[in-house]
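Observations on the model geometry
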Amino acid sequence: MKNRDIYQRDPSKITLLNNGVATLTDALTDEERRTLCFELEHFVCEGEYQRGLVRILDSYVSNQGRPEQPAAWVSGFFGSGKSHLAKMLHFLWTDFTFPEGGASARGLARLPNDVQDLLKEISTLGKRGHGLHSAAGNLGSGAGDSVRLALLGIVFKSAELPESFPQARFCLWLRKNGIYDLVCSAVEAEGRDFRRELNDLYVSPLIAKALLSVDSNFAANEKEAKAALRAQFPKPKDITTDEFASALQDTLAPNGGMPCTVIILDEVQQYIGDDTSRSYVVQEVVETCSKRFGDRLLFLGTGQTALSGTPALQRLQGRFTVNVELSDNDVEMVTRRVVLAKRQDRINEVKSTLEANAGELDRQLVGTRIGPRSEDKSTLIEDYPLLPVRRRFWEHTLRAVDRAGTAGQLRTQLRIVYDAIRRTAEEPVGTVVPADFLFEEISANLLQSGVLLREVNATIMEQNDGTFDGYLKSRLCALVFLIRKLPREAGADIGLRATADALADLLVEDLAKDGPTLRGQIPKLLDELVVAGTLMKLDDEYSLQTRESSEWEAEFRNRQTKLVNDLTRMSSKRTQLLGAAVQDAVRSVKLVHGRCKEPRKLALHFGAEPPPGPGHEIPVWIRDGWGTDEKNVIVDARAAGPDSPVIYVLVPKSRADALARVITSQSAAKDTLEYKGAPSTPEGIEARQGMETRLTEARNSLRMLVAEVIDGAKVFQGGGTERLETILRDKVREAADASLDRLFY
């Protein structure tokens, strides 16, 4: 059986009309309506999409009869489906009817009962009042810096008016005076499109002539008519909030009755940015209109973060109180329902195949934060032919390479998964999507954004010389590139490295056959790439080389070698690190003495010589295993006798080789960055970023190594008694309490 046979929809026959990108449009063209029809038919109204719609609609219905409607806010990372949800609400609100065939939005969408019931209630409200209306758009596409004009443009367009303020006001004036159709007909009788002629409102002889023909009192002649138009309908840089509300009233409720209206503003956060003045105007407009139009008008905004996320958005918290937040789970649900949905009679075949290859699945990226999880079993069949481990790899990688935060999870994943199932459709069941497929899909965008250098891309492509080995080398290089883009900072590091085993895990396609074969071939091919200078090997990890990165690497190696051979400098750095770590460990030890709680201090002493005689502080003599050994420390402690207040600390000589290696890596990386400075070329910037990553890794490793060494430190009291508490801080604290008695009694 082939993969294509397991899907509800044949991959070769389905088309992702919107490419995974929802755009708020008014469905004016045939193409826009075809796309809208596709989006409605494939709208997955489950999870937070369902709960979000219910929350928004129920709030609107529940607040009928109240002074105003609370506004709604939909948040989620870029591409999480905010625009898609907003677009669906836009057309479901009015139950948009398609002119071709008469199908309706609510009829095409598969909606849960609670959403259907709320939409019916809103339709009933519209019938009792003045109908339904919906306006939706992106503020950024409006009138520049004027929030009010940008928002009005969205409303004007929804009412089939020009988006520009002067032209829209002119059309409203024509309608108010009952001469719109006459003027429009007069202009079009001259062979011109009226809406296009409005672009030349102040200078158009046809509009001036048409006005004079239907209203001879408007002006004495065409020249005066043009002057009157310019004076009566000027183009302002901005308008007041009261003028905005009046224009909204004239547009949607010219006779006084406001329809049940939703105004949807997409990517409000992106438009506001850090501009608190824009945030203030949005707040003022929403507040004024909500109070003026009462329970009839609902505002909905979208943004990448919750309203508490930035100072500029926090101003809106009091107004946008109905909150909907989309998550990764919602994205995954959409891909499973829209693209990966399986036929019920084929599920057992998929299940048995996956169970037969459980060994291969369970070893995928073991030891990393994105490795196999127990909960994967519940989605393994749904996700097939995309393995959950690889889905997580893609998610992390997409975020890492998206510099502007605009790659978009939902839009990117829908497109990639759609292409992936088409590519694997003719393969037998048991063939999964390799992780490097992601590189094929996004490399063009990465080149355009500068994340992928042309030199690096050429290197990757050049490996594919027409042979199988060349093809595999190219794929290996592509994966190395993606993995090296993942963050290495503590907390963000998922633990994945471009090692031979990890690369083999990610390249397996045929679950039954590829694993052993690839794990035998890949180490040999990687060695060849290193010899050719295409890759460089850092411990067990591989990284792509460019001419510039080779120069940085040579500088790093030179400094690393010098430090390894400079035993005095190496000893000094190690001593400083261990000494600072001991001080950090015991810094929180607070001592109080006697009934009056007199504070006492520890006197830390480093070196081979004993500390000076005790005063009012507790002496702590700290040595490490590189300068002495445990036997000597015990001898000194016993010689001091049981009355000595001195505390003896020995930091053991453990993980010595690893510690030396990481110290040299950190120092060499730091010195290389300082020596090379800030390059200006893309290749230089890429090389510097690679060295910064190496420095970050070294610091993280050094922090963990030093903590491990310090945790193994031994503490003795005068007389030779060893403290057996768990950590150094507790050992020193207990020893110090005992020393207080020895020192002062």
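Keep in mind that what you see is a predicted model, and the values were worked out from it rather than measured. (Residues numbered from 1 in each chain as written. Predicted model: local features only at pLDDT ≥ 70, side-chain atom pairs only at ≥ 80, totals over all residues. Heavy atoms only, no water.)

Check the secondary structure of the protein chain and you find 32 helices and 13 strands. In terms of overall dimensions, the protein chain is more spread out than a globule: its C-alpha atoms have a radius of gyration of 35 Å, far above the 27 Å expected for 745 residues. Taken along the three principal axes of its C-alpha coordinates, the protein chain extends 115 × 75 × 50 Å. Classification of the 745 residues of the protein chain by burial places 53% in the buried group. Across the protein chain, every contact between residues at least 6 apart in sequence was considered, and the portion connecting residues at least 24 apart equals 72%. Here the protein chain displays about 33800 Å² of accessible surface, and carbon together with sulfur accounts for 48% of that area. When the 97 positive and 106 negative side-chain charges of the protein chain are each reduced to one mean point, those points stand 2 Å apart. (Helix = DSSP H or I, 4+ residues; strand = E, 2+ residues; numbered from the N terminus. Rg over C-alpha atoms; globule rule 2.2 N^0.38 Å. Buried < 20%, exposed > 50% of the residue type's maximum accessible area, 1.4 Å probe, protein only. Contact = heavy atoms within 4.5 Å. Areas by Shrake-Rupley, 256 points an atom, 1.4 Å probe, with all protein chains shown as cover. Lys, Arg positive; Asp, Glu negative; His and termini not counted. Charge placed at Lys NZ, Arg CZ, Asp CG, Glu CD.)

Our focus in this paragraph is the pattern of salt bridges. Taken as a whole and judged by the stated rule, the model has 50 salt bridges. With a shortest N-O distance of 2.7 Å, Glu-100 and Arg-33 are connected by a salt bridge. Taken together, the residues span a long stretch of sequence, with Glu-100 in the loop between α3 (82–94) and α4 (105–108) and Arg-33 in helix α1 (residues 30–41) at a distance of 67 residues. Here the salt bridges do not stand alone but share partners, grouping Arg-484, Arg-488, Asp-493, Arg-497, Glu-541 and Glu-697 into one network. (Salt bridge = Lys/Arg side-chain N within 4 Å of Asp/Glu carboxyl O.)

Time to look at the environment of Ile-522. Relative to the assigned elements, Ile-522 resides in helix α26 (residues 514–531). In contact with Ile-522, other than residues within four places in its own chain, are Leu-476, Ala-500, Leu-503, Ala-504 and Leu-507.

As a further point, take the environment of Ile-207. Here Ile-207 is to be found in helix α10 (residues 205–214). Relative accessible area serves as the criterion here: at 0%, Ile-207 is assigned to the buried category. The sequence separation of Ile-207 and Val-183 amounts to 24 residues, and the corresponding C-alpha distance is 7.3 Å. Every residue in contact with Ile-207, bar those within four places of it in the chain, is listed here: Phe-170, Val-187, Glu-197, Leu-198, Leu-201 and Leu-229.

What follows is about the nonpolar core. One finds Phe-393 and Phe-481 to be the most contacted residues of the largest nonpolar core, which totals 111 residues. Broken down by element, the residue count for this core peaks at nine residues, all from helix α24 (residues 468–484). In contact with Phe-393, not counting residues within four places along its chain, are Ile-370, Ala-435, Leu-479, Leu-482, Ile-483, Leu-486, Leu-496 and Leu-506. One finds Leu-149, Leu-172, Leu-211 and Phe-320 within the second-largest nonpolar core, a separate group that totals 66 residues. (Core = buried A, V, L, I, M, F, W, Y, C linked by side-chain atoms within 4.5 Å.)

According to the stated counting rule, one finds 12 aromatic pairs in the structure shown. Ring geometry for Phe-91 and Phe-96: centres 5.3 Å apart, planes at 80 degrees, overall edge-to-face. Judged by its relative accessible area of 4%, Phe-91 falls in the buried class. The exposure class assigned to Phe-96 is buried, which follows from its relative accessible area of 19%. Summarising the aromatic geometry, the rings of Phe-96 and Phe-98 are spaced 5.1 Å apart at their centres and angled 85 degrees between planes, so their arrangement reads as edge-to-face. For the residue pair Phe-96 and Phe-98, the accessibility class agrees, reading buried in each case. (Phe/Tyr/Trp six-rings, centres within 6.5 Å; stacked < 30°, edge-to-face > 60°.)

Another aspect to go through is the packing of helix α27 (residues 547–565) against helix α28 (residues 567–586). Between α27 and α28, the shortest axis-to-axis distance is 5 Å and the interhelical angle comes to 90 degrees. Taken together, the axes of α27 and α28 lie roughly perpendicular to each other. The residues of α28 that touch α27, namely those facing Leu-563, Val-564 and Asn-565, are Leu-567, Arg-569, Met-570 and Lys-573. Across the contact of α27 with α28, the residue classes tally to four nonpolar, one polar and two charged. (Axes fitted to C-alpha atoms, helices over the stretch in contact; angles between N-to-C directions. Parallel < 35°, antiparallel > 145°, perpendicular 65-115°, else oblique. Nonpolar A, V, L, I, M, F, W, Y, C, P; charged D, E, K, R; others polar.)

Here the focus is a negative patch on the surface. A surface patch of negative charge is lined by Asp-58, Asp-114, Asp-117 and Glu-121. Here the negative patch gets three residues from one element, more than from any other, and that element is helix α5 (residues 113–128). Examined against the element boundaries, Asp-58 turns out to sit in helix α2 (residues 47–62). Overall, the relative accessible area of 37% leaves Asp-58 in the partly exposed class. (Patch = residues over 30% accessible without salt bridge, like charges linked within 9 Å, V, L, I, M, F, W, Y side chains within 5 Å.)

Another aspect to go through is the confidence of the model for the protein chain. Mean pLDDT over the protein chain stands at 88; residues scoring 70 or higher make up 94%. Note on residues 406–411: pLDDT is under 50 here. Beyond four places in sequence and across chains, it has 27 contacts. (pLDDT = per-residue confidence, 0-100.)

Our next topic: the pairing of strand β7 (residues 541–544). The alternating pattern of β7 places Glu-541 and Ser-543 on one face and Tyr-542 and Leu-544 on the opposite face, and all of these are buried. Where strand β6 (residues 535–538) lies against β7, four bridges are found, and the strand directions are antiparallel. What sits directly across from Met-536, in β7, is Ser-543. Between β6 and β7, which pair antiparallel one after the other, the connecting turn spans two residues, and Asp-539 there sits at a positive phi close to 60 degrees. (Pairing = 2+ DSSP bridges.)

Pairing within the open sheet is parallel, and its five strands lie in the order β2-β3-β4-β1-β5. Taken across any chain shown, the strands that pair with only one partner, and hence form the sheet edges, are β2 (132–138) and β5 (320–325). Recorded for the sheet is a direction-independent mean angle of 20 degrees between the axes of neighbouring strands. Pairing analysis gives five bridges linking strand β3 (residues 260–266) to strand β4 (residues 297–303), with the strands arranged parallel.

On to the side chain of Gln-717. Here Gln-717 lies in strand β13 (residues 714–717). According to the relative accessible area criterion, Gln-717 is buried, its value standing at 3%. Looking at Gln-717, its side chain comes within polar contact range of the main-chain oxygen of Ala-735, at 3.0 Å. Ignoring sequence-local partners within four residues, the contact set of Gln-717 consists of Ala-637, Val-646, Tyr-648, Arg-723, Ala-735, Ala-738, Ser-739 and Arg-742. (Polar contact = N/O pair within 3.5 Å; in protein donor to acceptor, adjacent residues only side chain to side chain.)

With mixed pairing, the four strands of this open sheet are ordered in space as β10-β11-β12-β13. Where the open sheet ends on each side, the last strands, each with one partner, are β10 (602–606) and β13. Ignoring which end each strand starts from, the neighbouring axes of this sheet average 25 degrees apart. By the bridge criterion, five bridges tie strand β11 (residues 618–624) to strand β12 (residues 647–651) in an arrangement that is parallel. The residue of β12 that forms the bridge with Asp-624 is Val-651.

Here Ala-698 shows up in helix α31 (residues 682–711). Taking relative accessible area as the criterion, Ala-698 reaches 6% and is therefore assigned buried. As a C-alpha pair, Ala-698 and Cys-45 span 653 residues in sequence and 47 Å in three-dimensional space. Sequence-distant contacts of Ala-698, defined by excluding residues within four places in its chain, comprise Val-662, Ser-665 and Gln-666.

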